Amino acid sequence: MAQFEEVSQKSAVHPKPVGLVLQYGTAGFRTNSKQLDHVMFRMGLLATLRSKKTKATIGVMVTASHNPEEDNGVKLVDPMGEMVTPAWEGYATQLANAEQEELLTALKDVIEREAISMAQEASVFVGKDTRPSSDSLSQAVLDGVHALGGHSKDYGLVTTPQLHYMVCCQNTQGRYGEATVKGYYRKLSQAFIQLTKNVPNRTDDQKALLVDGANGIGALKVCEMETYLKNELQLSLFNDGSSGKLNHMCGADYVKVQQRAPKGVEMTAGERCCSYDGDADRIVYYYSGSAGRFHLLDGDKIATLISTYLKELLTQAGLDLQIAVVQTAYANGSSTQYLEDTMKVIVRCTKTGVKHLHHAAQEFDIGVYFEANGHGTVLFSKAAEEKIQKLAQDSNTNDERRRAALLLQNTVNLINQTVGDAISDMLLIEAVLAIRGMTVQQWDAIYTDLPNRQLKVKVADRRVIDTTDAERRTVSPAGLQEAIDSRVKKYRQARSFVRPSGTEDVVRVYAEADTQESADALAHEVSLAVYRLAGGVGEEPKPL
Ligand code: G16
């Protein structure tokens, strides 16, 4: 077939280095950008097949999100804006790792197994972040799409959640919104203005927010959006990409892991600040307290704020909808306790990775999901949205119920339900704080985090670590879980787990305990156990 000849010819321009094997990680392939040209071409092929199979538009985002600037990666977006399904992750691995002369066989295998009609039209949306390597890598994706005769739309520089949004808009024939960047700004800003317009006497201080753009795409996009917000939010942007390096000593991952303010943000005591990550699908908040103490409000605090707000509105609206919060093992123990014991909401724990949380959240009327690192959103079932809408339009209901229903309706419109979205989450948090008349300190005081520490350990092959129970326990290598258990026992209110990262070549270690000293000591002891039992390389971890 002519299409296969075209693939053969074009793939020669994007050759695979012999013997290179890459794993499909937590959010797709991710490694040094120099190793990715053939992967991108092949993901263009795969997205085209996925589009033919689903008869819908598929998205391909070129980004390595929180990783250093030299890395790059790819995220595949399914028709409703969600991450691609596990079976297709398998195909992605198969295609990415097929040696040059085996590529056509691997491609035909997917076509056969999925019974794909090659006569079916295909459409792929492509986006990229601001990394220097993203230009040529997104071109490689487009080459792959065109080699199989697919249609493409190149959105160029967009945030990851914007691309997810476009795919969903396209496949719902505009019911979710207009599949343009302007359409995205309009939908979100209108909802935000509707939500905040009835809040009396918002002062300039209350409208002010410091934003760390991580020197990435989120900085560009939030700037573009500002005019749509009509001064209802006054942003001061730092790390806008004009001079600093992407994610270097800034951004959501740096702030969360280091538990300190990013470089370059001039914050005064009590001011609300937030940081995006490299592709603007994560956000964390923070402020400087008395005596300059740094206070972090991470994904757990965000989930608590949002679910408290939604629960109150549901009560006011008299709507009987089940609300649940989905977390991962990284969730601070205090947050889980607060959600379960005080708020009395259902809490679920899944493996790391938005795809797992998203899936779990879909089981409820309203599923609030957030990773502690600030990646998350809220999902409303179709039935829940319909009930909210019906009540908002019911002129026979009382004022309080109607007001709550209208707030819920605008909240639904403000949320990007396809994936975690730093800009949408930021607007939601700002709206919730305004509506509830809360300061960042009051939000922070909802519960007190247990002191915690995250570390990374380098090992020869991180795949030797296998986990179970939503990554809270290890099953291999032998003796590691026992070693963790015996160390945890030494401390009060302590918990620790380890897992191989799916985005970086490291093992991640998490520890929490009643004091920062204990959390640090426990994290160090567990790191040593990993180093010794799982094949550590380089220097042995040192105490903090
Ligand atoms: C990605 C995933 C997140 C995950 C993070 C870290 O985020 O989308 O769900 O929490 O990687 O994963 P790991 O601990 O396996 O390295 P991002 O923002 O980097 O795309």
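Residues numbered from 1 in each chain as written. Predicted model: local features only at pLDDT ≥ 70, side-chain atom pairs only at ≥ 80, totals over all residues.

- An unreviewed UniProt entry lists the protein chain under the name Phosphoacetylglucosamine mutase, with Hucho hucho given as the organism.
- In its Function (unreviewed entry) section, the UniProt record describing the protein chain reads: "Catalyzes the conversion of GlcNAc-6-P into GlcNAc-1-P during the synthesis of uridine diphosphate/UDP-GlcNAc, a sugar nucleotide critical to multiple glycosylation pathways including protein N- and O-glycosylation."
- Listed in UniProt under the heading Sequence similarities (unreviewed entry), the comment for the protein chain reads: "Belongs to the phosphohexose mutase family." (UniProt positions renumbered as here; feature names shortened; annotations may be inferred.)

**Focus: the domain arrangement of the protein chain**
Working step 1: Domain boundaries in the protein chain define domain 1 (2–157) and domain 2 (452–533).
Working step 2: With centres defined by C-alpha atoms, the gap from domain 1 to domain 2 works out at 34 Å. (Domains from an automatic or database assignment.)

**Some thoughts on the UniProt feature "domain: Alpha-D-phosphohexomutase alpha/beta/alpha" (unreviewed entry) in the protein chain**
Working step 1: The UniProt entry lists residues 52–89 and 106–167 under the feature "domain: Alpha-D-phosphohexomutase alpha/beta/alpha" (unreviewed entry), expressed in the numbering used here.
Working step 2: Along residues 52–89 one finds 18% helix and 34% strand; the C-alpha atoms at either end are 16 Å apart.
Working step 3: In residues 106–167, the share of helix is 48% and the share of strand is 21%. The end C-alpha atoms are 27 Å apart. (Helix = DSSP H or I, 4+ residues; strand = E, 2+ residues; numbered from the N terminus.)

**With respect to the pairing of strand β6 (residues 208–212)**
In the case of a regular strand, side chains alternate between the two sheet surfaces.
Working step 1: The element β6 is extensively covered by neighbouring structure, given that four of its five residues are classed as buried.
Working step 2: Alignment of β6 against strand β7 (residues 234–238), held across five bridges, turns out to be parallel. Counterpart to alanine 208 in the pairing with β7 is glutamine 234.
Working step 3: In terms of handedness, the path from β6 via helix α9 (residues 217–225) over to β7 forms a crossover that is right-handed. (Buried ≥ 20, exposed ≤ 12 C-beta atoms within 10 Å, placed from the backbone. Pairing = 2+ DSSP bridges. Right-handed = clockwise from strand over helix to strand, strands pointing away.)

**Section: the UniProt feature "binding site: substrate" (unreviewed entry) in the protein chain**
Working step 1: In the numbering used here, UniProt assigns the feature "binding site: substrate" (unreviewed entry) to Glu371, Ala372, Asn373, Arg499, Pro500, Ser501, Gly502, Thr503 and Arg508.
Working step 2: When neighbours within four sequence positions are excluded, serine 501 is seen to be in contact with Val506 and Arg508.
Working step 3: Position of arginine 508 among the secondary structure elements: in strand β19 (residues 507–512).
Working step 4: Sequence-distant contacts of arginine 508, that is, excluding residues within four places in its chain, are made with Gln454, Lys456, Val498, Arg499 and Ser501. (Contact = placed C-beta atoms within 7 Å.)

**Quick notes on the environment of tyrosine 447**
Working step 1: Mapped onto the secondary structure, tyrosine 447 falls in the loop between α17 (440–444) and β15 (452–457).
Working step 2: With 109 residues separating them along the chain, tyrosine 447 and tyrosine 338 place their C-alpha atoms 6.9 Å apart.
Working step 3: In contact with tyrosine 447, other than residues within four places in its own chain, are Thr304, Ser334, Ser335 and Tyr338.

**Some details on helix α5 (residues 134–147)**
Working step 1: The terminal C-alpha atoms of α5, which comprises 14 residues, lie 20 Å apart, in line with the 20 Å expected from a rise of 1.5 Å per residue.
Working step 2: Within α5, the full set of buried residues consists of Ser134, Leu137, Ser138, Ala140, Val141, Gly144, Val145 and Ala147.
Working step 3: In the core, the buried residues of α5 are packed alongside α1 (2–13), α2 (37–54), β2 (57–62), β3 (71–77), β4 (123–128) and β5 (151–157).
Working step 4: Looking at the residues trailing α5, positive phi occurs at glycine 149, about 75°. (Expected span 1.5 Å × (residues − 1).)

**As for the sheet that holds β15**
Working step 1: Read from one edge to the other, the open sheet built from three strands follows the order β15-β19-β18, with strand pairing classed as antiparallel. Among the strands making up the open sheet, the edge pair consists of β15 and β18 (495–500). With strand direction ignored, the average angle separating the axes of adjacent strands in the sheet is 15°.
Working step 2: Two elements, β18 and β19, share six bridges in a ladder whose sense is antiparallel. (Axes fitted to C-alpha atoms, helices over the stretch in contact; angles between N-to-C directions.)

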